[in-house]
Amino acid sequence: MANSSATKHAFKSILASLPKPGGGEYGKFFSLPALNDPRIDRLPYSIRVLLESAIRHCDNFQVTESDVEKIIDWENTSPKLAEIPFKPARCILMDNTGVPAVVDLAAMRDMMPKLGCDPYKINPLIPVDAVIDHAVRVDVAGTCDALDRNEELEFQRNKERFAFLKWASSAFHNMQVFPPGSGTVHQVNIEYLARVVFNEDGILYFDSVVGTDSHTTMANSLGVAGWGVGGIEAVVAMLGQPMGMVLPGVVGFKLSGKLRDGVTTTDLVLTMTQMLRKHGAIGKFVEFYGVGVGELSLPARATIANMSPEYGATMGFFPVDKVALDYLKLTGRSDETVSMIEAYLRANKMFVEHHEPETERVYSSHLELDLSEVEPCVSGPKRPHDRVPLKEMKSDWHACLDNEVGFKGYAVPKEQQGKVVKFDFHGQPAEIKHGSVVLAAICSSTNTSNPSVMIGAGLVAKKACELGLEVKPWVKTSLTPGSVVATEYLKHSGLQDYLNQQGFHVAAHGCATCVGNSGDLDESVSAAITENDIVAAAVLSANRNFEGRVNPLTRANYLASPPLVVAYALAGTVDMDFEKEPIGVGKGGKEVFLRDIWPSNQEIDQVVDSSVQTHLFKKVYESIMERNHRWNELPVPKEALYPWDDKSTYIRKPTYLDGMSMSPPSLPKVTEAYCLLNLGDSITTDHISYSGKIPEGTPAAKYLLEYGVEPKNFSSYGGRRGNNEIVMRGAFANMRIVNKLLDGKAGPWTIHVPTGEKLYVFDAAMKYKSEGHDMVIIAGAEYGSGSSRDSAAKGPMLLGVKSVIAKSFERIHRSNLVGMGIIPLCFKEGEDADSLGLTGHERYTIHLLTSISEISPGQDVTVTTHDGRSFTCILRLDTQLEVAYFSHGGILPYMVRNLAAQMK
């Protein structure tokens, strides 16, 4: 049976048979109703998934009966921050964040013989699916050959990385790798990979998943419990080890009503994101319920679940109902499989009928939203939760120009705000001003999983073409669906032709602009922006718009629905009141307004019903492993141990396991440490570990030049995360990061405090290390928000950072810091660096106890400075398991020692 022995199982008494309607049985399952415990009926559905997993894995060693009781008693134990182990059913790997995880796995296999163990026992014990979905930078856009040219260029740049992943698919058991061009892992997950219910070795159980990207939560739309983790945590899950977690609180989000005509799911999710950020959902599950849920399509739910990280939640969970089952059938799952799923869920009281009375469940807190009150909106210009109603966009933009520099400000002097810059665009007169849209992207993942908004974008393009509107040629436009199926139904509907006419040719299948792979703007546009200090804008249908993430030259970045992306591309500016101002002038000199090109819900539904068909999903996924001829022809090593190449600039064996022995090291001491950076609020993992293009002149560029790599082949920081030399040089390399040691100026530099020199962060860290000094980082609230990349912890660790002292941490990043042996400390409530008068020029000593037995989760820790000040922080090792990781110097050394001990 699945990871348990039925004959010795602590809960063998509730193992029941699930009968088939026509006779026989689907298999056995652990019946939650058979426990006859009234507390279970009151549990949120998302917590019941954790409960079933704990029961199934209960061996009274890794998972105990006490752990099961904690989950059953969730109403009382969750407020006390009880710790539980969790074993997911499977793992998914994103390209850029997955490669480092596989590198670590290969390095662990290499380490085993040195500890006297069999290396070939290092294999995933659960299914692992990797999708190469960060593989394309939009170098070519707006032309019919954009897709093939971009894929060709990326194969030239990333051939070595692709070959490594292809090697892994044959070298490791239980691992399959989807070729470049397959789509995003999240969309492939809901369309193809998600089981909803597993049936393995005659045992049925809930599907659950962890993934190396924070948007793994998209699977929550199908009732699959899952969330993002760092690559190092993914390795733990792959190897069948339990993941320690604090039993989360659950926000119950009740939905009623129905979206009004013309309002999109994107408008809804941006509204929810703002509501949940205000309410507080960090570290919690959000569970959606109420009659309004029944009015949302499965792709609409996927859009909402996808943005869980943006509203701060660990999950955005939708229990399974008829809508979910219909989606499984639409996407090609067999009738027998769907019947099995429904039977299992009903037997375990996990199937929902939204229009029928339900047993009242207990939630930690509550929110409500009437869907009919949602209005069209965008979010920006620098954060996903800064929602702007569309009708207020013009006034909000002008306020942003006026405001001081910040999340909602650019401090452009009044006399400069109306400046118009004229330039020559390939022989054609062109002009831009503050707020001009220079980049418009219909992006993967969040919205391209949703046919209604994709078809909506196509209909906007169609109506615009018919009325004589067209996008200005200097606006860089692109369409990068998260699924090949989206391309198929856009072709099938005939709408792709109209999108092509407006410049929205398919440029990639996977993450591109949304992760910073937008490619360069035209040189003439770039020069016009940089030489005149223009606050240029990007509008994209993505989930993140942090400054510096989308493109270095677009200081204003707005999240919008795909139809609005097309509309803003046509308008050419975000300085627009769509209700009062025309988008442009069409045929016959007639002014055309947004209402003239905006489709009704009925129009959209008619095209969706006729174009989104089951045979398209089957056609795509039956051939997905063979459709990329470049991948098929790619030669890979045959060895089971990876043949590391010391000359490689893409894949290098990590050094942090070198010299490791079976005995844990002594606990680290942080004494008289210098502050490497002093940072403010909302420092994202994009700031900490930039994904975008490697600029010339940077430490990473200098390193690549030393290895003979030409600038045109530098590729991106994200693409080279399999090489820790790049990870280290890419730490804090974002041009938009603001360091208080630089008097608030932006850029990848810092001050070497002893000398006062301004250096690249990497160079300063190397100077501190050569001098024998420890380093810490000071930060504000929400440190590490954004993507779940563990490179944002590996980079600082490799630089020599010993601790991060912050006002608060984002969930995944905090655990990644622990996993790499960095001490996360939180200022006490009401305190921060400013209130304590800390400038970053001090030297810091952290008075941590020297015996691991004396360290407990969440304890107080005293920090002193060289000038005699003292303050108290909270040690953010949140579980006993994290204390154990810390005692071993990080999660990977802990895993290697434990696995080696088990093998012996």
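Small disclaimer: the values here were computed from a predicted structure and weren't measured.

## With respect to the domain arrangement of the protein
What the domain assignment reports for the protein is domain 1 (12-86), domain 2 (90-373), domain 3 (377-612) and domain 4 (670-689 + 731-888). Contacts between the two partners involve ten residues from domain 3, matched on the other side by ten residues from domain 4. Here domain 3 packs against domain 4, burying approximately 820 Å² in sum over the two surfaces, 47% of which is carbon and sulfur. When grouped by side-chain class, the residues that make up the side of domain 3 that touches domain 4 number four nonpolar, one polar and five charged.

## Re the sheet that holds strand E2 (residues 25-30)
Spatially, E1-E2-E8-E7 is the arrangement adopted by the four strands of the open sheet, whose pairing is mixed. The outermost strands of the open sheet, each flanked by one partner alone, are strand E1 (15-19) and strand E7 (197-200). Ignoring which end each strand starts from, the neighbouring axes of this sheet average 35 degrees apart. Pairing analysis gives four bridges linking E7 to strand E8 (residues 203-206), with the strands arranged antiparallel. Across the sheet, the residue bridging to Phe-198 is Tyr-205, located in E8. Together, E2 and E8 form the strand contacts of helix H2 (residues 45-56), whose direction differs from that of E8 by roughly 145 degrees.

## Points about the side chain of Thr-480
Its location among the elements puts Thr-480 in the loop between strand E21 (476-479) and helix H15 (484-493). Sequence-distant contacts of Thr-480, defined by excluding residues within four places in its chain, comprise Val-138, Ile-442, Cys-443, Ser-444, Thr-448, Ala-507, Ala-508, Gly-510 and Ala-512.

## A closer look at helix H29 (residues 880-887)
Of all eight residues in H29, six are buried, a share of seventy percent or more. Taken as a whole, H29 has its buried residues at Leu-881, Glu-882, Val-883, Tyr-885, Phe-886 and Ser-887. Backbone geometry just downstream of H29 places Gly-889 in the positive-phi region, at approximately 90 degrees.

## Focus on the pairing of strand E15 (residues 365-370)
Along E15, the buried face is formed by Ser-365, Leu-367 and Leu-369; none of His-366, Glu-368 and Asp-370, which line the opposite face, is buried. As defined by bridge partners, strand E12 (residues 250-256) adjoins E15 across six bridges and the pair is classed as parallel. By the bridge assignment for E15, Ser-256 is matched with Asp-370.

## Observations regarding the nonpolar core
Membership of the largest hydrophobic core comes to 297 residues, with the highest contact counts inside it found for Leu-676, Phe-732 and Tyr-783. For this core, the leading source of residues is helix H5 (residues 95-111), giving nine residues. Not counting residues within four places of it along the chain, the set of residues in contact with Leu-676 comprises Asn-739, Leu-741, Thr-750, Val-761, Ala-764, Ala-765, Tyr-768, Met-775, Val-776, Ile-777, Leu-799 and Val-801. Core analysis: the second largest hydrophobic core is formed by eleven residues, Ile-694, Ala-701, Leu-704 and Tyr-717 among them.

## Some thoughts on the packing of aromatic side chains
In the structure shown here, the tally under the stated rule is 28 aromatic pairs. A cation over a ring is seen here: Arg-595 above Phe-593, with NZ or CZ 4.3 Å from the ring centre. Sitting over the ring of Tyr-650, Arg-720 keeps its end group 4.0 Å from the ring centre.

## Describing the packing of helix H14 (residues 451-467) against helix H18 (residues 562-571)
Closest axis-to-axis distance for the H14/H18 pair is 7 Å, and the angle between their directions is 30 degrees. One finds that H14 runs roughly parallel with respect to H18. Residues Val-453, Met-454, Gly-456, Ala-457, Val-460, Ala-461 and Ala-464 of H14 form the contact with H18, whose participating residues are Pro-562, Pro-563, Val-566, Ala-567 and Leu-570.

## Topic: the state of the cysteines
On inspection of all chains with the given rule, the structure shows zero disulfides. Of all cysteine sulfurs in the structure, the one in Cys-144 sits closest to Cys-465, which takes part in no disulfide; the separation is 16 Å. For Cys-465, a relative accessible area of 14% gives the class buried.

## Some points on unusual backbone geometry
The omega torsion across Gly-380 and Pro-381 is 10 degrees, close enough to zero to call that bond cis. Within the element layout of this structure, Pro-381 appears in the loop between strand E16 (377-379) and strand E17 (387-389). One non-glycine residue, Asp-201, lies in positive phi territory at about 55 degrees. Phi is positive for His-426, close to 50 degrees, though the residue is something other than glycine. For His-426, the position within the fold is in the loop between strand E18 (420-425) and strand E19 (428-433). Classification of His-426 by relative accessible area gives exposed; the value is 62%.

Rules used in this analysis
- Residues numbered from 1 in each chain as written.
- Predicted model: local features only at pLDDT ≥ 70, side-chain atom pairs only at ≥ 80, totals over all residues.
- Heavy atoms only, no water.
- Domains from an automatic or database assignment.
- Contact = heavy atoms within 4.5 Å.
- Buried area = accessible area lost by both parts, 1.4 Å probe.
- Nonpolar A, V, L, I, M, F, W, Y, C, P; charged D, E, K, R; others polar.
- Pairing = 2+ DSSP bridges.
- Helix = DSSP H or I, 4+ residues; strand = E, 2+ residues; numbered from the N terminus.
- Axes fitted to C-alpha atoms, helices over the stretch in contact; angles between N-to-C directions.
- Buried < 20%, exposed > 50% of the residue type's maximum accessible area, 1.4 Å probe, protein only.
- Core = buried A, V, L, I, M, F, W, Y, C linked by side-chain atoms within 4.5 Å.
- Phe/Tyr/Trp six-rings, centres within 6.5 Å; stacked < 30°, edge-to-face > 60°.
- Lys NZ or Arg CZ within 6 Å of the ring centre and 35° of its normal.
- Parallel < 35°, antiparallel > 145°, perpendicular 65-115°, else oblique.
- Disulfide = S-S within 2.5 Å.

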